[in-house]
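The chain contents come next:
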Amino acid sequence: MNAEAARLLQELANLTKLVEGSPQSFKVRAYEKAAGVIRDLPSPIEDMSIADMQKLDGIGKATASKLREWIDTGSIEKLDVLRREFPAAFVELTKIPGLGPKTVVMLRDVLGVNTVDDLRDALDEQALRGLPGMGEKTETKIRKGIDRLGLHGKDRRTPIAVAMELAVEFVTGLRQLPQVDRAMYCGSLRRFSDTVGDVDITAVSQHPDAVMDAFVNFPAVRSVIARGTTKSSVLTAGDLQVDLRVVPEDSWGAAILYFTGSKAHNIELRQRAIDRGWTLNEYSLADVDSGAVIASRTEEEIYRALDMVLVPPEMREGVGEVAAAAADALPDPLVVADIRGDLHVHSTWSGDGRSSLQDMLDAAHGRGLSYVAMTEHAEDLAINGLSRQRVLEMASVLEELRPKYPAMTVLQGAELNIGRDGSVDYDADFLTVFDWCVASVHSHFDLSVSEQTERIIGALHNPAVHAIGHLTGRKIGTRPGISLDFDAVLDAAAETGTALEINSHLQRLDVPADWLRRARDRTDVLWVISTDAHEVSEFDNITWGAAQARRGWVPKAQVVNTWPAEEFLSWIGYEP
Ligand code: DGT
Ligand code: CA
Ligand code: CA
Ligand code: ZN
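Residues numbered from 1 in each chain as written. Chains lettered and ligands numbered in written order. Predicted model: local features only at pLDDT ≥ 70, side-chain atom pairs only at ≥ 80, totals over all residues. Heavy atoms only, no water.

Thoughts on the overall build of the chain
- What the chain contains, in helices and strands, is 24 helices and 17 strands.
- For the chain, the C-alpha atoms occupy an extent of roughly 75 × 60 × 55 Å along the three principal directions.
- Here the chain holds 576 residues, and the buried ones make up 52% of them.
- Intrachain contacts of the chain at a sequence separation of at least 6 include 67% that bridge at least 24 residues.
- Accessible surface, the chain as shown: approximately 24800 Å² in total, 50% of it carbon and sulfur.
- Averaging the locations of the 61 positively and 87 negatively charged side chains of the chain gives two centres separated by 4 Å. (Helix = DSSP H or I, 4+ residues; strand = E, 2+ residues; numbered from the N terminus. Buried < 20%, exposed > 50% of the residue type's maximum accessible area, 1.4 Å probe, protein only. Contact = heavy atoms within 4.5 Å. Areas by Shrake-Rupley, 256 points an atom, 1.4 Å probe, with all protein chains shown as cover. Lys, Arg positive; Asp, Glu negative; His and termini not counted. Charge placed at Lys NZ, Arg CZ, Asp CG, Glu CD.)

Now the structure itself:
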């Protein structure tokens, strides 16, 4: 319930931005803050009275009574009114970079633009350029934004971060039902695509009817598209479709294999079955003539029968994995347990960190990491970077903390900002204070390909820089990444020995998987998988970083933080 309540508050915040014409108004910030509080709340919100809620830091009376209204009645009148005023198709417009709430409301009032498709029409008619503050350049920028976000019509897809949260909630809810023996999300989400068209859940139960009853009544369900005994589909807020299929225990392996896809992967598997006189469908791998089942209960058995090693779900894209699995030539799949250090971590020393330095180190230690780099933001990030003075203060704090962690090497790092010209913070002399530096793009997202490429190559050549953080700077579904000549970046990374980060945040997953795959034969490039954690719970994001690396066919040996401490520390020239 808390996750759903937090989403409703966030939706209230988003719609209020449109009413107030500003993303920064007091009300908007209050809703956003409350959403964050509810999301992290350990106890169920439905057990709290209005008075209890108001005792939470960040929840005022108005928000508390809206939450109570939702718990008691299942809806919030204020939200319903706003949804009528600003339908989902209209709200979509606010996701286009450069279009603020004021502008989209103006476009609606002046040009009758209600949807992204309307906006495309208006652009085609050059209707925007006469409006205040708009010209030909703005039109081009907006058009590019629409194309790159894939926001139009049937192509509309949901970012993995949004879909994952919902899918996990559904799967957890299903597993808690006494009638459910197994449940798992499949489809593009299990393959770890950046965006998904819908969520496909497969479950095993002896009582499918009871399962469907519970499913269509889950808190996140906004409306029911179809309700059957073995298959149902629902829509959640934000119009994400979730399909649930209940299958017999005997078919579990065949079913999750089939519904995980991809279609291209399934077609190649089916061909291997046909070559052997068999059929493969969502029920089983079976002999064509006798109908005898050859394998069906687990994916492993099916792959084995087809003379293949198991293909990790993230690799099932029909890009050569079937041939590789038949030749046992897949890269050894990288798993979380392979990762021995985290080299991009923030604490409250950075203005946007949410856990203290000591809590972050305790958590890293508790996870059994053998090295960790505290990479606080650097001085050029005006709002929350560390001044030189603060860096030196932190050095002595770290010195005091180190003896607490005999089994873990604590590095003083920095997340440097790559300037427009490829330069970074501080100066060459001062940078020697740091044991490990990540350099990332946090500004100037709109430069040309050649400018961006040169900028990154400049940072790669900086002797203080060990790794480039979140290479493209994309936020999936909200901000396109910078344009780069990736091959030139790979060449420079190889030449300088600077690693490229795979950022584990679900909103980032940066370097993108298709780029990683493009680099899969580059044995000369080094990678580092980092959480970029800003609070203790975000160390868990390493699960996503490992999945991203599998999806990108990244060879384990080239990932520097899978190396034992001694090897890694000698690579960076660290002397305690
Ligand atoms: P999405 O939802 O567009 O992000 O991508 P998927 O891969 O999740 O596709 P979806 O939801 O249409 O179907 C789920 C899986 O069902 C898909 O990955 C493969 C499997 N499948 C097997 N055969 C077929 C087929 O003939 N048509 C479709 N649509 N899916 C199939
Ligand atoms: Ca799907
Ligand atoms: Ca589907
Ligand atoms: Zn960071």
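Some words on the sheet that holds strand 12 (residues 371-377)
- Strand order in the open sheet formed by seven strands is 11-12-13-14-15-16-17, and the pairing between neighbours is parallel. Each edge of the open sheet carries a strand with a single partner, namely strand 11 (341-345) and strand 17 (527-530).
- Note: strand 16 (residues 499-503) against strand 17, four bridges, orientation parallel. Within the sheet, the bridge partner assigned to Ile-502 lies in strand 17 and is Ile-529. (Pairing = 2+ DSSP bridges.)

A short note on the coordination of the zinc ion (ligand 4)
- All of the protein donors around the zinc ion (ligand 4) are His-344 (NE2), His-346 (NE2), Glu-415 (OE) and Asp-532 (OD); their distances to the metal are 2.1 to 2.3 Å.
- Around the zinc ion (ligand 4), the four donor atoms sit at angles spanning 79 to 168°, and that spread fits a shape best called irregular.
- All donor residues of the zinc ion (ligand 4) come from one chain, and their arrangement in sequence is H-x1-H-x68-E-x116-D. Taken together, the residues His-346 in the loop between strand 11 and helix 17 (357-366) and Glu-415 in strand 13 (residues 409-417) connect sequence positions 69 residues apart. Here His-346 and Glu-415 have matching classes, each one buried. (Donors = N, O, S within 2.8 Å, 3.2 Å for Na, K, Ca; no water. Tetrahedral: all angles 85-135°; square planar, octahedral: opposite > 155°, others 65-115°.)

Here we look at the coordination of the calcium ion (ligand 2)
- Donor atoms from the polypeptide that coordinate the calcium ion (ligand 2) comprise Asp-198 (O), Asp-198 (OD) and Asp-200 (OD), at 2.2 to 2.7 Å from the metal.
- With six donor atoms in place around the calcium ion (ligand 2) and angles of 70 to 165° between them, the coordination shape is irregular.

A few points about the packing of aromatic side chains
- Scanning all chains against the criterion turns up 15 aromatic pairs.
- Note on Tyr-371 and Phe-568: the rings are 4.5 Å apart at their centroids and 5° apart in plane angle, and the pair reads as stacked. Remark: Phe-568 occurs in helix 24 (residues 565-571) and Tyr-371 occurs in strand 12; sequence separation between them is 197 residues.
- Classification of Tyr-371 as buried rests on a relative accessible area of 0%. (Phe/Tyr/Trp six-rings, centres within 6.5 Å; stacked < 30°, edge-to-face > 60°.)

Comments concerning the sheet that holds strand 9 (residues 285-287)
- With antiparallel pairing, three strands are arranged side by side in an open sheet as 8-9-10. Of all strands in the sheet, those with a lone pairing partner are strand 8 (278-280) and strand 10 (293-295), marking the two edges. Direction aside, neighbouring strands of the sheet carry axes that sit 30° apart on average.
- Packing of helix 14 (residues 263-275) onto the sheet brings it into contact with strand 8 and strand 9, and relative to strand 8 it is tilted by some 160°. (Axes fitted to C-alpha atoms, helices over the stretch in contact; angles between N-to-C directions.)

As for the site of ligand 1
- Not every one of the 15 residues close to ligand 1 is listed here, only the nearest: Arg-157, Ser-188, Arg-191, Gly-197 and Asp-198.
- Arg-157 places a polar side-chain atom, nitrogen or oxygen, 2.7 Å from an oxygen atom of ligand 1.
- Take Asp-198: an N or O atom from its side chain is 2.9 Å from an oxygen atom of ligand 1.
- Summarising the interface, the protein chains cover 67% of the accessible area of ligand 1, which totals 570 Å² for the free molecule.
- Elements that contribute at least two residues to the shell around ligand 1 include exactly helix 11 (187-190), strand 4 (198-205), helix 13 (252-260) and helix 14.
- Of the residues that constitute the shell around ligand 1, the class distribution is three nonpolar, seven polar and five charged.
- Here the shell around ligand 1 spans two domains, and each of domain 3 (158-247) and domain 4 (252-326) adds at least three residues to it. (Near = heavy atom within 4 Å. Polar contact = N/O pair within 3.5 Å; in protein donor to acceptor, adjacent residues only side chain to side chain. Nonpolar A, V, L, I, M, F, W, Y, C, P; charged D, E, K, R; others polar. Domains from an automatic or database assignment.)

Shape descriptors only; they carry no functional weight alone.
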